[in-house]
Amino acid sequence: MAFEPGRRLARRSIWVRSRTLLAGAVLAPAVLLAVIFESAPVPGSWLQVASAQLGWALIVGGVMLRLWATLYIGGRKSKRLVTEGPYSLVRNPLYLGTLLAVCGACLAWQSLVMFAALLVALPLYTRLTIRDEERRLRHHWGAQYDHYAASVPRLWPRWQWPASPAVVEVHVAGLLRELARAALWLTALPLAAALTPWLRAAGRALLSLG
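Keep in mind that this is a model prediction, so the values were computed, not measured.

## Quick look at the pattern of salt bridges
Inference 1: Enumeration over the complete set of coordinates arrives at eight salt bridges.
Inference 2: Across the salt bridge formed by Arg 80 and Glu 84, the nearest N and O atoms sit 3.2 Å from each other.
Inference 3: Overall, Arg 80 belongs to the partly exposed group, its relative accessible area being 35%.
Inference 4: Notably, a salt bridge pairs Arg 181 with Glu 178, separated by 2.8 Å at the nearest N-O pair. With a gap of three residues between them, Arg 181 and Glu 178 both fall in helix α7 (residues 172-209), about one helical turn apart.
Inference 5: Under the relative-accessibility criterion, Arg 181 is labelled partly exposed at 41%.
Inference 6: Via salt bridges that share partners, Arg 66, Glu 178 and Arg 181 belong to a single interconnected network.

Next comes the structure, spelled out in structure tokens:
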């Protein structure tokens, strides 16, 4: 399907526009339970250290993947079908980066409650967001997108060297927005991790009063 100047992608469905609220409705109670009431592994134990290190590696990896994807997709989604860089390995690297960061947060907090909530929220988020995004792109780009979707996985990347042009034009506004999100992830999560032991102690005190 040829691109028409000034043409925009179809409007997202109301469910997708509400995805943050829907995901928050599932995850917020789980985060509250996990932070205040859930027991953590013994501080300094091999399980606590290993899970925290793996968790932070996933968080940083997810943030970096989102930044890498933004370099290629920022400001271009309705102008051309992006198939280079991380998009040559997986069709939805931004969502994959978010998934890695959220899983990393669960590990960093050693939270089974948050993992259980993630198992509920992830299929909902995937069905609502990714499928709607693919519907819009397929409507916009037609057979070109069908060919791309047939050769590149939806969410789990294929293991090969990414295809990329020698020069990539960067959309500065989009990159700055993603850098702001990365800064939020990398400042809010350490703060939450630092406060968690005191919040859990307060939760246990409340339980003992009951």
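## A closer look at the packing of helix α3 (residues 46-73) against helix α4 (residues 93-108)
Inference 1: Direction vectors running N to C along α3 and α4 enclose 165°, while the axes themselves pass 7 Å from each other. On the basis of the axis angle, α3 is roughly antiparallel to α4. Crossing angle aside, the handedness with which α3 passes α4 is left-handed.
Inference 2: Residue classes in the contact of α3 with α4 are distributed as 18 nonpolar, seven polar and one charged.

## Some points on the environment of Trp 156
Inference 1: Following the sequence through the fold, Trp 156 ends up in the loop between α6 (143-151) and α7.
Inference 2: Of the residues examined, Trp 156 reaches a relative accessible area of 57% and is grouped as exposed.
Inference 3: Distance in space between the C-alpha atoms of Trp 156 and Pro 93 is 8.9 Å, their sequence separation being 63 residues.
Inference 4: Every residue in contact with Trp 156, bar those within four places of it in the chain, is listed here: Val 90, Leu 96 and Leu 99.

## Re the nonpolar core
One broad trend across soluble globular proteins is that nonpolar side chains are buried collectively.
Inference 1: Tyr 87, Tyr 145 and Tyr 148 are the most contacted members of the largest nonpolar core, which has 13 residues in total.
Inference 2: Listed by contribution, the elements that provide at least two residues to this core are α3, α5 (112-141) and α6.
Inference 3: Each residue touching Tyr 145, except ones within four places of it in the same chain, is listed here: Leu 81, Arg 91, Glu 134, Leu 137 and Arg 138.

## Describing α6
Inference 1: Those residues of α6 that fall on the buried side of the exposure criterion are Tyr 145, Tyr 148 and Ala 149. Axial view of α6: buried residues confined to an arc of 95°, hence all on one face. Turned more than 90 degrees away from the buried face of α6, the exposed residues are Ala 143, His 147 and Ala 150.
Inference 2: Those residues of α6 that are buried are in contact with α5.

## Digging into the side chain of Thr 70
Inference 1: One can find Thr 70 in helix α3.
Inference 2: For Thr 70, a relative accessible area of 6% translates into the label buried.
Inference 3: A polar side-chain atom of Thr 70 sits 2.8 Å from the main-chain carbonyl oxygen of Arg 66.
Inference 4: The residues touching Thr 70, leaving out its near neighbours within four places in the chain, are Leu 94, Gly 174, Leu 175 and Glu 178.

## Notes on the confidence of the model for the chain
Inference 1: Per-residue confidence for the chain gives a mean pLDDT of 77; residues scoring 70 or more make up 77%.
Inference 2: Mean pLDDT across the elements of the chain ranges from a minimum in helix α1 (residues 14-17), with 60, to a maximum in α6, with 92.
Inference 3: Taken as a whole, residues 1-6 scores under 50 in pLDDT and shows 10 contacts with residues more than four places along the chain or in a different chain.

## Quick word on the packing of α4 against α5
Inference 1: Between α4 and α5, whose axes approach to 12 Å, the crossing angle comes to 175°. Overall, the two elements α4 and α5 adopt an arrangement that is roughly antiparallel. Each of Tyr 95, Leu 99, Val 102, Cys 103, Cys 106 and Leu 107 in α4 lies in contact with α5, whose residues at this interface are Met 114, Phe 115, Leu 118, Leu 122, Tyr 125, Thr 129, Ile 130 and Glu 133.
Inference 2: For the contact of α4 with α5, the class distribution of residues is 12 nonpolar, one polar and one charged.

Rules of the game
- Residues numbered from 1 in each chain as written.
- Predicted model: local features only at pLDDT ≥ 70, side-chain atom pairs only at ≥ 80, totals over all residues.
- Heavy atoms only, no water.
- Salt bridge = Lys/Arg side-chain N within 4 Å of Asp/Glu carboxyl O.
- Buried < 20%, exposed > 50% of the residue type's maximum accessible area, 1.4 Å probe, protein only.
- Helix = DSSP H or I, 4+ residues; strand = E, 2+ residues; numbered from the N terminus.
- Axes fitted to C-alpha atoms, helices over the stretch in contact; angles between N-to-C directions.
- Parallel < 35°, antiparallel > 145°, perpendicular 65-115°, else oblique.
- Left-handed = near helix turned anticlockwise from the far one by under 90°.
- Nonpolar A, V, L, I, M, F, W, Y, C, P; charged D, E, K, R; others polar.
- Contact = heavy atoms within 4.5 Å.
- Core = buried A, V, L, I, M, F, W, Y, C linked by side-chain atoms within 4.5 Å.
- Arc of directions from axis to C-beta.
- Polar contact = N/O pair within 3.5 Å; in protein donor to acceptor, adjacent residues only side chain to side chain.
- pLDDT = per-residue confidence, 0-100.

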